[in-house]
Amino acid sequence: MASNDFKIGVLVSGRGTNLQAIIDAIENGQVDARIVLVLSHKQDAPALERANKHGIESLWLDPEPFAGKKEYDRAVAGELKERGVDLVCLAGYMRILDPEFIRAFQGKIINIHPSLLPAFPGLNVQQKAIDYGVKFSGCTVHFVNEEVDAGPIILQAVVPVHESDNAESLAERILIQEHLIYPRALQMIVENRLHINNRKVSTQESVPP
Ligand code: GRF
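On a predicted model such as this, the values are computed, not experimentally measured, just so you know.

1. Details of the overall build of the protein
Scanning the protein for helices and strands turns up six helices and nine strands. Taking 2.2 N^0.38 as the reference for a compact globule, 209 residues should give roughly 17 Å; the C-alpha atoms of the protein span a radius of gyration of 17 Å, in line with that estimate. Referenced to the eigenvectors of the C-alpha coordinate spread, the extents of the protein come out at roughly 50 × 45 × 35 Å. Counting over 209 residues, the protein shows a buried share of 46%. Counted over contacts in the protein with a minimum sequence separation of 6, partners at least 24 positions apart contribute 62%. Taken as a whole, the protein presents about 10,500 Å² of accessible surface, with 51% of it coming from carbon and sulfur. With 21 positive and 27 negative side-chain charges, the protein shows a separation of 4 Å between the mean positions of the two kinds.

So this is what it looks like as structure tokens:
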């Protein structure tokens, strides 16, 4: 696939530092792709502003007028399909996707999660890691399937948990690694280097799409 032909849609809810890491990696040539849409269910998500600053189309799609999650997610899928996205990146997207959405983009949705999955899925996971007493935590980039935070794992990075840590300090240390592995995972997908077998993701030399 020629440079920039790989189209990414990013779904966000908040500050968007992972979105920023992806934008930066694209701008510095580390990721050979183009973000065609940044979509949020939250009007005030700072991530939308980050997209605007870089001349990337941003869209606030208000869930309010929709009958429910299925209908909303259908509309989100429509926006992404309309722009021909090859991959959907969840970057701090706080909504659980409807199964119909996940099927519509089977194998084409990835997420970043701030723990070493399968440990600590869900929310407030840095606090959970501290409360459990683990000595290491980290982050995981994974494919999204119909179970929350349970899809095939693409990349992980390990981070030490210090005795003096609170959830914020641990989150900060993990975030640094998130910003490194998310773009790396992305580029592996752009290069079509990932192969999934029995939920195990292996990397292989570039194969034609
Ligand atoms: C990150 O910690 C990510 O792992 C989790 O939500 C947070 C989003 O942060 N899914 P940001 O919006 O990318 O700054």
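2. Some details on the packing of helix α1 (residues 17-27) against helix α2 (residues 46-53)
Packing of α1 against α2 leaves a shortest axis separation of 9 Å and a crossing angle of 15°. By the criterion of interaxial angle, the relationship of α1 to α2 is roughly parallel. When the axes of α1 and α2 are compared, the crossing they make is right-handed. Every residue of α2 that contacts α1 at Thr-17, Leu-19, Gln-20 and Ile-23 is listed here: Ala-47, Arg-50 and Ala-51. Each residue belonging to the contact of α1 with α2 can be placed in one class, and the counts come to four nonpolar, two polar and one charged.

3. Some points on the site of the ligand
Every residue lining the ligand is accounted for by Arg-15, Gly-16, Thr-17, Asn-18, Gly-92, Ile-112, His-113, Pro-114 and Glu-178. Arg-15 places a side-chain nitrogen or oxygen 2.6 Å from an oxygen atom of the ligand. The contact in question runs from a nitrogen atom of the ligand to an N or O atom on the backbone of Ile-112, over 3.0 Å. Protein coverage of the free-state accessible area of the ligand, which is 360 Å², stands at 86%. The set of elements that each furnish at least two residues to the shell around the ligand consists of α1 and β5 (109-113). Of the residues that constitute the shell around the ligand, the class distribution is two nonpolar, five polar and two charged. Formed jointly, the shell around the ligand draws a minimum of three residues from each of two domains, domain 1 (1-106) and domain 2 (112-138 + 156-209).

Calculation notes
- Residues numbered from 1 in each chain as written.
- Predicted model: local features only at pLDDT ≥ 70, side-chain atom pairs only at ≥ 80, totals over all residues.
- Heavy atoms only, no water.
- Helix = DSSP H or I, 4+ residues; strand = E, 2+ residues; numbered from the N terminus.
- Rg over C-alpha atoms; globule rule 2.2 N^0.38 Å.
- Buried < 20%, exposed > 50% of the residue type's maximum accessible area, 1.4 Å probe, protein only.
- Contact = heavy atoms within 4.5 Å.
- Areas by Shrake-Rupley, 256 points an atom, 1.4 Å probe, with all protein chains shown as cover.
- Lys, Arg positive; Asp, Glu negative; His and termini not counted.
- Charge placed at Lys NZ, Arg CZ, Asp CG, Glu CD.
- Axes fitted to C-alpha atoms, helices over the stretch in contact; angles between N-to-C directions.
- Parallel < 35°, antiparallel > 145°, perpendicular 65-115°, else oblique.
- Left-handed = near helix turned anticlockwise from the far one by under 90°.
- Nonpolar A, V, L, I, M, F, W, Y, C, P; charged D, E, K, R; others polar.
- Near = heavy atom within 4 Å.
- Polar contact = N/O pair within 3.5 Å; in protein donor to acceptor, adjacent residues only side chain to side chain.
- Domains from an automatic or database assignment.

Interpretation in functional terms is not warranted from these geometric data alone.
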